[in-house]
Amino acid sequence: STAFVQWVGEKTPISDTSYVGIDAILEQMRRKAMKQGFEFNVMVVGQSGLGKSTLMNTLFKSKVSRKSVQPNVEERIPKTVEIKSVSHDVEEKGVRMKLTVIDTPGFGDQINNENCWQPIMKFINDQYESYLQEEININRKKRIPDSRVHCCIYFIPPTGHCLRPLDVEFMRHLSKVVNIVPVIAKADTLTLEERDSFKKTIREELRANGIDVYPQKEFDEDAEDRMINDKIREMTPFAVVGSDQEYQVNGKRILGRKTKWGTIEVENIAHCEFAYLRDLLIRTHMQNIKDITCSIHYETYRVRRLNESNILFTSNPPDHPAVQPKANGQPEEQPATPQPNGVAAQHEALSHEM
Amino acid sequence: PNKVQHKHTEHLCLLFFVFQEKQYVGFATLPNQVHRKSVKKGFDFTLMVAGESGMGKSTLVNSLFLTDLYKDRKLLNAEERINQTVEIIKHTVDIEEKGVKLKLTIVDTPGFGDAVNNNECWKPITDYIDQQFEQYFRDESGLNRKNIQDNRVHCCLYFIPPFGHGLRPVDVEFMKALHEKVNIIPLIAKADCLTPNEIKKLKDRIREEIDKFGIKVYQFPECDSDEDEEFKQLDKELKECTPFAVIGSNTVVEARGQRVRGRLYPWGIVEVENQSHCDFVKLRNMLIRSHMHDLKDVTCDVHYENYRAQCIQEMTRYVRNESDNRMESPIPILPLSTPDVDTEKLIKMKDEELKRMQEMLNKMQQQMHDKEQ
C-alpha cells in the first residue's frame, strides 16, 4: 500500500535523518587550511640583553631565534638598528606553520637613540607595500606570500619604576601600524608586589599617552570578545621569564632558571606570566592577531597609499611623499602655505589618519 | 550552547589552566581558531540554475536545500511567453544547521531557451555574471573594504533535457559562452524517463561531445595521495558518474515502509535519494558536503582573476589611447566606487572642520591687522 502526501509549502525537513549538510563546509575549510599551512610573523624589539632570543625559543620550544641560527657570530651591538628575519617551518599535530621571527638588534642600544624606531617603522610599512603591490598586480598570485608583521613584542626592562621615554616614543609611533604586545622582560628581578605596581604604572602611562596595545578595545567584535579581552587588558603587560634549560622539580622536567634561593619555573603561573603570553599569542589569539593586521592595519596603510597617489598608482615608495610626480613627469608644486601652522598641520594630521 | 562552552573553556585555559605537556607549543589550535571565526561570520553561496522551462530546476533546488523557494510562483502560458525575454531572478534563503549559517542565493534564469528564436539567449546571463564580477572588482579596489558583499556566481547547474541524443546546439553555445566565467555543472534533467542503459549511453555521448567541443565544465580537484582508500574510491566513482542524472521532488511518498521524497507512478515509485534510481545524492554531496568550498575557490582564483586581468588590460589600453603624454604605468587600481555613506560623512566633517579653522585664522589675522593699525 502506498500513501501520497503533498507538503509543498512546508519548510521543515521530512524526517530527522534528512538534512542538507551545510555544516560540512567547515570540514572542507579545515582540510584546505591544513593543506596550505599557516604563516606567522612576529617581531621582537628591545635593548640587547633583555632575553628576546631566549623568550622566542621558549615560546616555540625550539631554536627559532636569530642567535640560535648563527651561534658562532660574535655578539656585537650594531651601529644602527638592523632588521634580521629568520624563518622556520614548524609542524604540530598535522598543522604546518611558517614561523618568521624578526629581530631588531641595535634598538635602544646607542648613546643617542633618537628615531631608532624609524627603521622598524619603515620595515613594517615595506611589508605592507610589497603585499599591496602584489595585490594590485594584474596577474597576482593565488596566495600572496604574507610577510607582514603580525605582532611586535616590545620588551620593557624590569626597572620597577615607569616607562622610559624611549618606550613611550616607540609604542606611540608603532601602535598605529602594528599590534604591539608589551612584556616586562626578565621579570624574576621583581617581587610580586613590585610587579603589580609596575604594571599598574605602565598601564596608566600607556593610557595617558593614548597608546593602544593588543588587544585594542576598539576592535573587540562582540560582548564575548570584550569579556575575554578585558581580562587580558587587566593583565598587560605580561611579566615574563624565558629559559631553554630544563631542570627536575618535584619529579617533573620543567623549563626554568636555577638560583641559590630557588628555581624559577617558566611555565608556572605562580612564578611568572609566560604561560599567559604563550596562550594569548599562540593558543587562543593567533588568528585574531593576524586578522587585525590584515583587516585593520594593512587596510589603513592601503587607504593612505591610495589617497597619496590618486588614480595613477606610481611606484614611488612612501618615503618621499612630498615629491609626487605628475602625469607628465614634472614634480608637483607644494601648495603655498602662507597661513600659520594651524591649517597646514591639520592637513598633515588628516593624511596620516586616513 | 556549544559555542559558548567552547569559549568558556578557552577562557579558563587562559586564567587557570596551564598545559603541562612538554613539547607542545599549541599552535595546533589554529584551525580551531579559524573555525570559530567562520562559524561566527557564517558563509554565503550563490548558485545559478539554467535550462529550459519545465526541466525541474525549481524542484531540484527545493530538494537539494529542503526549502520551498517557489511557493508563490506563477507559471506563464505559451502566449505569455512569446514576448518574454530571459530574466534574472534572485531568491535568498538563510539556512542554519548544527550552528552553521549559510546565506544561499539562487539565481534563476526564467525564459532561457523558451523562445522560438533563442539566438544569444545566454547574453543576459553572461551580462549578469560579469556585472557581479565588476561590482566585486570595484569594491575590492575601493577605499572601504570592510563589508564587501560577494554576489559572484559560484556555480551554474545546467539542465540538459533527457529526450535528445546528447547536446543540442543551444547547450553547446550556452556552455561555451559561460565556461570561462562560472563553474558549470551539467545535469541530465528528469532522468526518470530513461532506463539505466539509456542513461549510460546519454552520459557517454554528452561526455564525448563536451570533449569534442572543448567545453570546460567544472573539474573536481585531484585527490590527495595521502587520502584513505575509501575516499579515493568515492572520488573516482563521482568523477565517472558525470554528468549527473537527477530527479527532484516536492512531494513525500511512502516507499518500502518509509516516508521519502519521490514520484509516484502506476508502475512504481521513484525515490530521489535512492542512489540506484538517480544521482541526486551524488550531486548533493558533491555540491554541498564536499566541494562547496572548492567551487568558491575556483570562482575567486580562476574565473574572477581572469575577468579582473582582462578588465585591467582594457582600462590600460583605454588610458594609453586617451593621452600619449601620460607616463607608462600599469593601472592596477581604479577606485571607481563612490565612497560609502560613512566615508562621505567623514570627508564632509573634515572639510567642515577645515573651513571653520580657516575662518578662525582669517579672523585672527584680521584682528592682528586691526591692532597694528
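Residues numbered from 1 in each chain as written. Chains lettered and ligands numbered in written order. Predicted model: local features only at pLDDT ≥ 70, side-chain atom pairs only at ≥ 80, totals over all residues. Heavy atoms only, no water.

### Points about the overall build of chain A
Per the secondary structure count, chain A includes 10 helices and 10 strands. In chain A, which comprises 354 residues, the share counted as buried stands at 49%. Looking at chain A alone, contacts between residues at least 24 apart form 66% of all its contacts between residues at least 6 apart. Here chain A displays about 17600 Å² of accessible surface, and carbon together with sulfur accounts for 50% of that area. (Helix = DSSP H or I, 4+ residues; strand = E, 2+ residues; numbered from the N terminus. Buried < 20%, exposed > 50% of the residue type's maximum accessible area, 1.4 Å probe, protein only. Contact = heavy atoms within 4.5 Å. Areas by Shrake-Rupley, 256 points an atom, 1.4 Å probe, with all protein chains shown as cover.)

### Let's talk about unusual backbone geometry
Along the chain, tyrosine 214 of chain A connects to proline 215 of chain A via a cis peptide bond; the corresponding omega equals -5°. For the peptide bond that leads from threonine 242 of chain B to proline 243 of chain B, omega is -5°, which places it in the cis range. Residue lysine 61 of chain A is not a glycine yet carries a positive backbone phi of 50°. By the element assignment, lysine 61 of chain A lies in the loop between helix 2 (52–59) and helix 3 (66–69). Phi is positive for lysine 186 of chain A, which is not a glycine, with a value near 45°.

### Quick word on the environment of lysine 239 of chain B
Residues and elements named next belong to chain B. Within the secondary structure, lysine 239 is located in helix 8 (residues 229–240). For the pair formed by lysine 239 and glutamine 219, sequence separation is 20 residues and the distance between their alpha carbons is 8.6 Å. Not counting residues up to four positions away in its chain, the partners in contact with lysine 239 are Phe220, Pro221, Glu222 and Cys223.

### Remarks on the UniProt feature "site: Important for dimerization" (unreviewed entry) in chain B
Residues and elements named next belong to chain B. Summarizing the sequence annotation, UniProt attributes the feature "site: Important for dimerization" (unreviewed entry) to Phe163 in the numbering used throughout. Note that phenylalanine 163 resides in the loop between strand 4 (155–160) and helix 6 (169–178). Residue phenylalanine 163 is classed as exposed on the basis of its relative accessible area of 61%. Apart from residues lying up to four places away in sequence, phenylalanine 163 is in contact with Met55 and Cys193. (UniProt positions renumbered as here; feature names shortened; annotations may be inferred.)

### Considering the packing of helix 3 (residues 57–65) of chain B against helix 9 (residues 280–290) of chain B
All names here are of chain B. Axis separation between helix 3 and helix 9 bottoms out at 10 Å; the angle between their running directions is 65°. As judged from the angle between their axes, helix 3 and helix 9 are roughly perpendicular. Between helix 3 and helix 9 lies a crossing of right-handed hand. Residue-level contacts link Leu60, Ser63, Leu64 and Phe65 of helix 3 to Phe280, Leu283, Arg284, Leu287 and Ile288 of helix 9. (Axes fitted to C-alpha atoms, helices over the stretch in contact; angles between N-to-C directions. Parallel < 35°, antiparallel > 145°, perpendicular 65-115°, else oblique. Left-handed = near helix turned anticlockwise from the far one by under 90°.)

### Thoughts on the side chain of threonine 46 of chain B
Residue and element names in this part refer to chain B. Among the structural elements, threonine 46 can be located in strand 1 (residues 43–50). A relative accessible area of 4% places threonine 46 in the buried class. Ignoring any residue separated from it by four or fewer positions in sequence, one finds threonine 46 in contact with Thr105, Val107, Asp150, Asn151, Arg152, Val153, His154 and Cys155.

### Re helix 1 (residues 24–36) of chain A
Residues and elements named next belong to chain A. Compared with the 18 Å implied by 1.5 Å per residue over 13 residues, the 19 Å span of helix 1 between its first and last C-alpha is a close match. Buried residues of helix 1: Ala24, Ile25, Leu26, Gln28, Met29 and Ala33, and no others. Where helix 1 terminates, the next one or two residues include glycine 37, which has phi positive at roughly 85°. (Expected span 1.5 Å × (residues − 1).)

### Remarks on the sheet that holds strand 9 (residues 252–259) of chain A
All names here are of chain A. Ordered in space as 8-9-10, the three strands form an open sheet in which the pairing is antiparallel. Where the open sheet ends on each side, the last strands, each with one partner, are strand 8 (246–249) and strand 10 (262–265). Across this sheet, the average inter-strand angle for adjacent strands is 65°, counted without regard to direction. Sheet topology places strand 9 next to strand 10; four bridges connect them, and they run antiparallel. Looking at the pairing, lysine 258 lines up with threonine 263 of strand 10. (Pairing = 2+ DSSP bridges.)

### Focus: the pairing of strand 4 (residues 95–103) of chain A
Residue and element names in this part refer to chain A. Burial analysis of strand 4 places seven of its nine residues in the buried class, which makes it a mostly covered element. Across seven bridges, strand 2 (residues 38–45) lies against strand 4 in parallel orientation. What sits directly across from valine 44, in strand 4, is aspartate 103. The pairing of strand 3 (residues 84–92) with strand 4 spans nine bridges and is classified as antiparallel. Pairing of lysine 84 across the sheet is with aspartate 103, part of strand 4. Here strand 3 hands over to strand 4 after two residues, with lysine 93 in that stretch at a positive phi of 50°.

### Regarding the sheet that holds strand 4 of chain B
Residues and elements named next belong to chain B. Reading across the sheet, the six strands line up as 2-3-1-4-5-6 and stay open at both edges, with mixed pairing between neighbours. Both outer strands of the open sheet, strand 2 (89–97) and strand 6 (244–245), are each paired with one neighbouring strand and no more. Across two bridges, the pairing between strand 5 (residues 184–188) and strand 6 is parallel. Looking across to strand 6, one finds that isoleucine 188 is bridged to alanine 245. Along the sheet, helix 7 (residues 196–212) contacts strand 4, strand 5 and strand 6; its crossing angle with strand 5, the most-contacted strand, is approximately 150°.

### What about the confidence of the model for chain A?
Residue and element names in this part refer to chain A. Put simply, chain A has an average pLDDT of 81, and 81% of its residues get 70 or more. Predicted confidence for residues 1–17 stays below pLDDT 50, and this span has 31 contacts to residues more than four positions away or in other chains. Across residues 311–354, where pLDDT falls below 50, the model places 60 contacts with residues more than four positions away in sequence or in other chains. (pLDDT = per-residue confidence, 0-100.)

### Digging into the packing of aromatic side chains
Counted under the stated rule, the structure contains 15 aromatic pairs over all chains. Note on tyrosine 218 of chain B and phenylalanine 220 of chain B: the rings are 5.7 Å apart at their centroids and 80° apart in plane angle, and the pair reads as edge-to-face. Across the pair, phenylalanine 220 of chain B and tyrosine 218 of chain B agree in class, each one buried. Aromatic pair tyrosine 265 of chain B and tryptophan 267 of chain B: ring centres 4.9 Å apart, planes at 10°, arrangement stacked. One aromatic cluster is present, formed by Tyr128, Tyr131, Tyr298 and Tyr301 of chain A through successive ring pairs. Between arginine 148 of chain A and the ring centre of tyrosine 131 of chain A, over which it is positioned, the NZ or CZ distance is 3.6 Å. Directly above the aromatic system of tyrosine 304 of chain B lies the positively charged group of arginine 152 of chain B, at a separation of 4.7 Å from the ring centroid. (Phe/Tyr/Trp six-rings, centres within 6.5 Å; stacked < 30°, edge-to-face > 60°. Lys NZ or Arg CZ within 6 Å of the ring centre and 35° of its normal.)

### A short note on the pattern of salt bridges
Counted by the stated rule, this structure contains 51 salt bridges over all chains. A salt bridge links glutamate 273 of chain B to arginine 284 of chain B; the shortest N-O distance between them is 3.6 Å. Here the residue glutamate 273 of chain B occupies a position in the loop between strand 9 (268–271) and helix 9, and arginine 284 of chain B occupies one in helix 9, the gap between them amounting to 11 residues. Given a relative accessible area of 37%, glutamate 273 of chain B falls into the partly exposed group. Since its relative accessible area comes to 8%, arginine 284 of chain B is described here as buried. Put simply, Lys61, Glu267, Arg278, Asp279 and Arg283 of chain A are held in one network by salt bridges that share partners. (Salt bridge = Lys/Arg side-chain N within 4 Å of Asp/Glu carboxyl O.)

### Side note on the state of the cysteines
All names here are of chain B. As enumerated under the stated definition, the model contains zero disulfides over all chains in all. As a non-bridged cysteine, cysteine 156 has cysteine 155 as the owner of its nearest cysteine sulfur, 7.0 Å distant. Considering cysteine sulfurs only, cysteine 155 is the nearest to cysteine 300, which forms no disulfide, with 13 Å between them. (Disulfide = S-S within 2.5 Å.)

### Side note on the packing of helix 5 (residues 123–141) of chain B against helix 6 of chain B
Residue and element names in this part refer to chain B. Running from amino to carboxyl end, helix 5 crosses helix 6 at an angle of 15°, the nearest separation of the two axes being 10 Å. If you check the angle between helix 5 and helix 6, you find them roughly parallel. The way helix 5 lies across helix 6 gives a crossing that is right-handed. Between helix 5 and helix 6, the contacting residues are Ile125, Thr126 and Ile129 on the first element and Phe174, Ala177 and Leu178 on the second. The residue inventory of the contact of helix 5 with helix 6, partitioned by class, reads five nonpolar, one polar and no charged. (Nonpolar A, V, L, I, M, F, W, Y, C, P; charged D, E, K, R; others polar.)

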